[in-house]
Structure formats: C-alpha cells, structure tokens
Amino acid sequence: MLELKDLTVHYGVIAAVRGIDMKIEPNTIVTLIGSNGAGKTSTLNAIVNSVKKKGTVIFDGKDISKEPTHQIVQDGLALVPEGRRVFINLSVDENLRMGAFNNDENFERLRAEMYRLFPRLDGKKQQLAGTLSGGEQQMLAIARALMSEPKMLMLDEPSLGLAPKIVGEVFEIITELKKSITILLIEQNAFAALKIADYGYVLENGSIALEGESENLLGNDEVRKKYLGG
Amino acid sequence: MDLTTFLQQLINGASLGSMYALIAIGYTMVYGVLRLINFAHGDIMMVGAFFTFMATAAGLPFTLAVLLGILGSVIVGVLTDKIAYKPLREAPKISLLITAIGISFFLENLFNVIFGGVPKAFSAPDYLTKIFHLGDVYLPITVIIIPIVTVAILSGVLWVLYRTKYGMAIRALAFDIPTVKLMGIDADRIITLVFALGSALAAVGGIFYAVSYPSIDPLMGVIVGLKAFAAAVLGGIGSVTGAVIGGFILGFTEIFVVALFPELGGYKDAFAFFFLILVLLFRPTGIMGEDLERSRF
Ligand SMILES: Nc1ncnc2c1ncn2[C@@H]1O[C@H](COP(=O)(O)OP(=O)(O)OP(=O)(O)O)[C@@H](O)[C@H]1O
Ligand SMILES: [Mg+2]
C-alpha cells in the first residue's frame with residue numbers, strides 16, 4: 001500500500017530522518033514507535049510532503065514523492081496530524097465538511113456515519129471545535145480525516161493527553177477501521193500500539209533500529225526495556 | 001441640526017460608509033489568510049473604476065462596463081498575488097509588506113503613464129444621475145442605490161463565508177494553512193478566491209466612488225484605500241463583519257463631523273485617522289477583533 005525508500009528529512013543541518021525504508025501491506029495496522037524526537041512526526045510529514053524531504057514514496061502503486069500535499073490526500077492518503085489541529089474557529093459540522101471538501105456526493109452519508117462511529121460528537125454538531133474537550137477534538141480530527149474516504153490513514157499520536165478510558169475508545173475505533181482501510185499509527189504508548197498492530201517499526205535517532213511482527217516486538221527484550229517500561 | 005439636515009447627512013453617511021465597507025473587506029480577508037496588509041488594494045479599486053471608464057468610453061452599455069470593471073480588478077488583483085506575493089509565502093512578513101507597497105506605486109504610476117494624471121470626468125448613465133427631493137432632503141439616486149446594493153453584496157459575501165465549503169475553507173485557512181492542505185484542499189486556489197472576491201468588492205466600491213464624485217484619477221485609491229484600511233483596523237482586522245461596521249462608522253463620522261463643524265471640513269481626511277487612534281487606544285484589537293495572532297473572520 002505504502003512504500004518508503006531511503007526517506008530523509010533535514011531541518012537545516014539537523015538530520016531528523018536518516019534514510020529509512022518501510023513497507024506497509026494493504027489492510028494492516030502498522031505502528032511506528034520511538035522516543036521523543038526520534039523523527040516519527042517528521043516521517044509522516046515527509047510522506048505527505050508537508051516538509052522538505054529526499055527519497056521515494058510509493059502509494060498504491062504510484063510515485064507520490066513530488067506531489068503537493070493536497071494531491072496526495074486526494075489520492076487517498078489521509079493524515080491526522082500531531083496535536084489534532086481541528087479548525088477551532090469552525091463548528092464540528094464544518095470541520096467534517098472540510099474533510100469532505102472533494103467528496104460532496106458522499107458528505108451527508110459519511111457525516112451520519114461519523115456521528116454513529118463517534119457518538120460523543122453527536123449533539124455537539126454546531127459547537128465550535130475549539131470548545132471541545134481534548135478527547136472530543138481527537139475524535140473530530142479522526143472523523144474529519146475519514147470524511148475523504150481514504151484508502152490509508154496515518155495517525156500521529158492519537159492518544160496524547162487523553163484519559164485511559166478515551167484512549168480505549170479511540171483504539172477500538174482504530175481496530176474497527178482496519179476492516180476497510182490501511183493504518184499507520186504513531187504512538188508514545190508502544191504497548192497499546194503493538195497490541196493492535198500487525199507489524200511494527202522502531203525509530204531511533206531518525207533510523208529504523210528494529211522491525212518485525214508485533215508479537216515478536218512485544219517479546220523483544222530491548223523493546224521491552226526501552227519502550228514498554230521493563 | 002434640524003431633522004432634514006440630519007436625515008440628509010445620515011443618507012450621505014450610509015453611502016460613503018458603503019464604499020469604505022466594500023473596500024475594507026478586501027483588506028481584512030487578505031490579512032486574515034496571509035497576515036498581509038495589502039497596500040495595493042486601494043489601487044485595485046482605482047483599476048476597477050478605470051476599466052469601467054474605458055469600457056463606457058468605448059461605447060459599451062453601462063452594466064457591461066461595470067462587469068468589465070469588476071473583471072479587470074479581479075484579474076489585476078489575482079495576478080498581483082500570483083506574481084508578487086506567492087513567491088514570498090515563506091518569506092518574512094516584512095518582505096511581503098514592502099512588496100505590496102511596491103505594487104501600489106507600480107499600479108499608480110502605470111495608470112498615470114497610460115492615462116495621465118489629470119482627473120477624468122466619469123459619465124454615468126442618465127438613470128444614475130437623477131435627483132429626488134423629499135421635502136428639503138436632496139437625494140441623488142446614487143445615495144439610495146449604493147447602500148442597498150452594498151447590503152445585498154455584503155449578505156452575499158457572508159453567505160459565501162458561512163454557508164459554502166469555499167467560505168469555510170477561507171475561514172479555516174485564516175487559522176491553519178498546513179491543515180487545510182491535509183483536507184485535500186489546494187490552499188493556493190482558496191487564496192486566489194480571496195483575492196478575487198476582495199478585488200471584485202473593491203471594484204464595486206471604486207465604481208460607486210466614480211459615479212458619486214464623478215471623476216477618476218490614478219491616485220484616487222490612495223486616500224480612500226487608506227481610509228478603508230483604517231475602517232478594517234477599526235472593526236478588527238481579520239473580521240469581515242468588523243470591516244463592514246468599521247466602514248459605516250467611518251462614513252457616518254466623517255459626514256457628521258463636517259456637517260456639525262463645517263470649519264473643520266478641511267480636516268475630514270485626518271479625522272478618520274484621529275478616530276482610529278482613539279479607538280485603538282482603548283481597544284487595540286479593534287471593535288470585532290479578538291486576537292491579533294488568530295483572526296477569526
Ligand atoms: N520544524 C522543525 N525545525 C527544526 N527542527 C525540527 C523541526 N521539526 C522537528 N525538528 C527536530 O527533528 C527531530 C525529530 O522531530 P519529530 O517531531 O519528527 O520527532 P517525533 O518522533 O515526532 O517526537 P515526539 O514523540 O516528541 O512527537 C527533533 O530533534 C526535532 O527537534
Ligand atoms: Mg511527533
């Protein structure tokens with residue numbers, strides 16, 4: 001579904017991502033874990049061309065390395081950015097409308113579907129997104145990304161700052177989504193992420209330190225020590 | 001001041017305020033999305049008036065001439081963005097500002113070279129030069145038409161901003177450009193739309209100005225543009241409703257100050273800015289502005 005070849009990101013002289021390769025099969029959940037500053041967000045932003053990068057990105061058989069961000073999203077690759085970034089000055093409904101900007105025909109149907117998938121948002125349709133709680137904003141950010149009916153969804157730390165109960169809800173929904181789309185999940189909570197993922201990559205200082213089936217990573221001593229707290 | 005004079009000045013104020021409001025919207029919307037004070041915006045208004053003037057001079061019917069005037073402004077406004085501002089999207093805001101001032105000088109001098117600096121009489125069709133007398137109130141038909149057309153146009157703009165996906169994208173863009181792109185939206189197209197909309201409104205303002213005074217010259221956009229800019233800041237830069245309110249407040253005060261203190265008539269242009277400074281002293285973000293960093297439309 002998605003393939004990265006020798007992906008590199010530099011900010012000035014700092015190398016944030018140092019030539020990584022990844023391969024993500026259709027209808028799987030793949031997780032990218034790593035400590036703060038490892039280069040996870042930079043990797044996702046490079047995939048959608050939000051930051052300058054070198055290397056090749058193949059999505060759904062097409063080379064998207066040089067495509068502008070909006071075109072990549074139109075191709076079916078959606079990103080729920082770090083820190084949610086809902087449009088705080090727009091209502092919940094309007095945020096969903098923005099997600100379906102190029103999907104007018106299916107807007108009504110998808111919107112109904114999203115309110116079913118995220119019942120917490122129902123009843124807050126006209127509320128400004130900036131006044132939602134953190135958990136509600138995260139759900140809105142995911143729902144908004146799904147409004148374009150992507151083939152693949154990338155989530156950058158969806159559980160950041162959420163109460164454990166809400167994290168559970170978000171992860172349930174992610175597992176649910178796997179039936180229809182491919183998912184690349186970035187998480188601080190490596191244990192939870194590996195639990196629902198099929199495959200995992202461990203990023204250290206901008207390079208892939210380790211990769212493998214999730215069960216294997218969960219059993220790996222080094223991963224346990226560094227990312228799973230013992 | 002008796003009732004007749006009061007009514008008379010009220011209507012004149014609404015008419016003048018309409019022009020400021022129409023032009024102020026362009027300032028505020030461009031500021032909202034690009035954080036740029038588009039100093040060339042007043043000249044875009046002049047461009048609209050000149051295109052209309054040329055079209056009527058060529059013998060075209062007035063309505064068609066107006067449409068061509070609007071189209072002329074839209075093209076020049078959009079090209080300004082594409083050629084001069086777009087390459088500077090990532091550059092410091094000050095470079096953008098200086099470029100805008102350069103564009104302003106360029107347009108003023110270009111039209112000066114082509115048409116000369118002498119004011120040209122702007123001939124409006126007969127149906128726009130009629131004058132009614134309501135008791136002692138003296139009503140050129142334009143002062144009635146201008147506020148009505150303006151209110152209609154402003155309702156249309158608000159409808160676009162709040163009821164269409166393009167308007168939502170404009171409002172979203174004012175807050176977060178990278179995330180707008182993540183919605184699969186071509187942000188540059190939306191910015192083009194903002195320039196097109198702002199320029200069209202400025203053209204209408206310019207044509208109203210030309211019909212009311214009725215003469216035009218290449219520098220006509222300077223002082224009107226500055227005042228419309230003052231109106232936008234007064235209302236809270238970045239807020240469309242604020243720009244409209246600011247425009248009308250400025251129109252009314254200007255007219256009433258002159259009516260109440262005729263001896264101050266010579267200072268009427270200065271008064272707009274005096275008023276602006278006064279308001280900003282008490283409310284630095286303007287009337288409707290909440291936060292200078294994050295304008296909300
Ligand atoms: N815009 C930027 N300019 C300069 N340096 C940056 C920029 N963005 C990120 N970096 C640097 O690049 C490195 C990788 O950052 P990145 O945000 O990709 O890490 P991350 O793995 O997502 O971390 P976290 O878990 O904290 O979100 C860090 O050292 C960071 O300081
Ligand atoms: Mg990150």
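Residues numbered from 1 in each chain as written. Chains lettered and ligands numbered in written order. Predicted model: local features only at pLDDT ≥ 70, side-chain atom pairs only at ≥ 80, totals over all residues. Heavy atoms only, no water.

Caption draft 1: The interface of chain A and chain B, seen in detail. Across the boundary between the two partners, chain A contributes 21 residues, which contact 20 residues of chain B. Summing both sides of the interface, chain A and chain B together bury roughly 2000 Å²; the carbon and sulfur share of this comes to 67%. By the criterion of area lost to chain B, the three top residues of chain A are Phe87(A), Asn89(A) and Phe101(A), representing 31% of everything that side buries. For Asp104(A), the salt bridge is made with Lys165(B), and the minimal N-O distance between the two is 3.1 Å. Counting across the chain A and chain B interface gives seven residue pairs in polar contact (both at pLDDT 80 or more). Sorting the residues of the side of chain A that touches chain B by element identifies α2 (69–74) and α3 (92–99) of chain A as the ones contributing at least two each. For the side of chain A that touches chain B, the per-class residue count stands at 10 nonpolar, six polar and five charged. (Contact = heavy atoms within 4.5 Å. Buried area = accessible area lost by both parts, 1.4 Å probe. Salt bridge = Lys/Arg side-chain N within 4 Å of Asp/Glu carboxyl O. Polar contact = N/O pair within 3.5 Å; in protein donor to acceptor, adjacent residues only side chain to side chain. Helix = DSSP H or I, 4+ residues; strand = E, 2+ residues; numbered from the N terminus. Nonpolar A, V, L, I, M, F, W, Y, C, P; charged D, E, K, R; others polar.)

Caption draft 2: Inspection of the site of ligand 1 at higher detail. Residue and element names in this part refer to chain A. Lining the immediate surroundings of ligand 1 are 13 residues, of which Asn36, Lys40, Thr41, Ser42 and Glu82 lie closest. Residue Gly39 places a main-chain N or O atom 2.9 Å away from an oxygen atom belonging to ligand 1. Isolated, ligand 1 exposes 640 Å² of accessible area, and the fraction of that covered by the protein chains is 61%. Of all the elements, helix α1 (residues 40–47) adds the most residues to the shell around ligand 1, at three residues. Residues of the shell around ligand 1, tallied by class, amount to three nonpolar, seven polar and three charged. (Near = heavy atom within 4 Å. Areas by Shrake-Rupley, 256 points an atom, 1.4 Å probe, with all protein chains shown as cover.)

Caption draft 3: View of the layout of surface pockets. Its volume calculated, the largest pocket comes out at about 1000 Å³. Considering the residues around the largest pocket, the lining is formed by 37 residues, among which Ser50(A), Glu90(B), Ile177(B), Pro178(B) and Lys181(B) are closest to the centre. The set of elements that each furnish at least two residues to the lining of the largest pocket consists of α1 and α2 of chain A together with α1 (3–34), α4 (93–115), α6 (165–175), α7 (177–181) and α8 (187–212) of chain B. Ranked by the residues each element gives to the lining of the largest pocket, the list is headed by α7(B), at four residues. For the lining of the largest pocket, the per-class residue count stands at 16 nonpolar, seven polar and 14 charged. (1 Å grid on protein atoms, 1.4 Å probe; cavity = no way out; pocket = protein on both sides within 12 Å on 5 of 7 lines; lining within 4 Å. Points joined across faces, edges and corners; volume = space filled by probe spheres on them.)

Caption draft 4: Up close: the coordination of the magnesium ion (ligand 2). Residue and element names in this part refer to chain A. Around the magnesium ion (ligand 2), the protein supplies Thr41 (OG1) and Glu82 (OE) as donor atoms, at distances of 1.8 to 2.4 Å. Taken as a pair, Thr41 in helix α1 and Glu82 in the loop between β6 (77–80) and α3 lie far apart in primary sequence, 41 residues in all. Overall, Glu82 belongs to the partly exposed group, its relative accessible area being 35%. (Donors = N, O, S within 2.8 Å, 3.2 Å for Na, K, Ca; no water. Buried < 20%, exposed > 50% of the residue type's maximum accessible area, 1.4 Å probe, protein only.)

Caption draft 5: Spatial organisation of the sheet that holds strand β10 (residues 207–213) of chain A. Residue and element names in this part refer to chain A. With respect to topology, six strands assemble into an open sheet ordered β6-β7-β8-β3-β9-β10, the strand pairing being mixed. A strand with exactly one partner marks an edge of an open sheet, and here the two such strands are β6 and β10. Averaged over all pairs of adjacent strands, the angle between strand axes in this sheet comes to 15 degrees, irrespective of strand direction. With six bridges connecting them, strand β9 (residues 199–204) and β10 associate as antiparallel partners. The residue bridging Val202 from the neighbouring strand is Leu210, located in β10. Helix α5 (residues 134–146) contacts β6 and β7 (152–156) of the sheet and is inclined by roughly 170 degrees relative to β6. (Pairing = 2+ DSSP bridges. Axes fitted to C-alpha atoms, helices over the stretch in contact; angles between N-to-C directions.)

Caption draft 6: Looking closely at helix α4 (residues 107–117) of chain A. Residues and elements named next belong to chain A. Here α4 has its buried residues at Phe107, Leu110, Arg111, Met114 and Tyr115. When α4 is viewed along its axis, its buried side chains cluster within an angular range of 140 degrees and face the same direction. Those residues of α4 that are exposed and angled more than 90 degrees off the buried face are Glu108 and Arg116. On its buried face, α4 is in contact with α3 and α5. (Arc of directions from axis to C-beta.)

Caption draft 7: Main features of the packing of aromatic side chains. Residue and element names in this part refer to chain B. Summed over all chains, the structure comprises 15 aromatic pairs over all chains. Ring plane angle 55 degrees and centroid distance 5.9 Å describe the contact between Phe39 and Phe229, whose orientation is recorded as tilted. Of this pair, Phe39 sits in the loop between α1 and α2 (41–57) while Phe229 sits in helix α9 (residues 220–235), placing them 190 residues apart in sequence. Among the residues examined, Phe39 registers a relative accessible area of 26% and is labelled partly exposed. With a centroid separation of 6.2 Å and 20 degrees between ring planes, the pair formed by Phe271 and Phe275 is classed as stacked. Pair noted here: Phe271 and Phe275 are both in helix α11 (residues 268–282), with a separation of four residues, about one helical turn. (Phe/Tyr/Trp six-rings, centres within 6.5 Å; stacked < 30°, edge-to-face > 60°.)

Caption draft 8: Geometry of the confidence of the model for chain B. All names here are of chain B. Residues with a pLDDT of 70 or more make up 97% of chain B, whose mean pLDDT is 91. Averaged pLDDT values over the elements of chain B bottom out at 83 in α11 and peak at 97 in helix α3 (residues 62–85). For this predicted complex, the interface confidence score (ipTM) comes to 0.92, while the overall pTM stands at 0.90. (pLDDT = per-residue confidence, 0-100.)

Caption draft 9: The sheet that holds strand β2 (residues 14–24) of chain A, seen in detail. All names here are of chain A. Strands sit in the order β2-β1-β4-β5 across an open sheet of four strands; the sheet is antiparallel. Looking at which strands have only one partner, the edges of the open sheet turn out to be β2 and β5 (62–63). Where strand β1 (residues 2–11) and β2 come together, eight bridges link them in antiparallel fashion. Across the sheet, Leu2 pairs through a bridge with Ile24, a residue of β2. Contacting β1, β2 and β4 (54–59), α1 crosses the sheet at an angle of about 115 degrees to β1.

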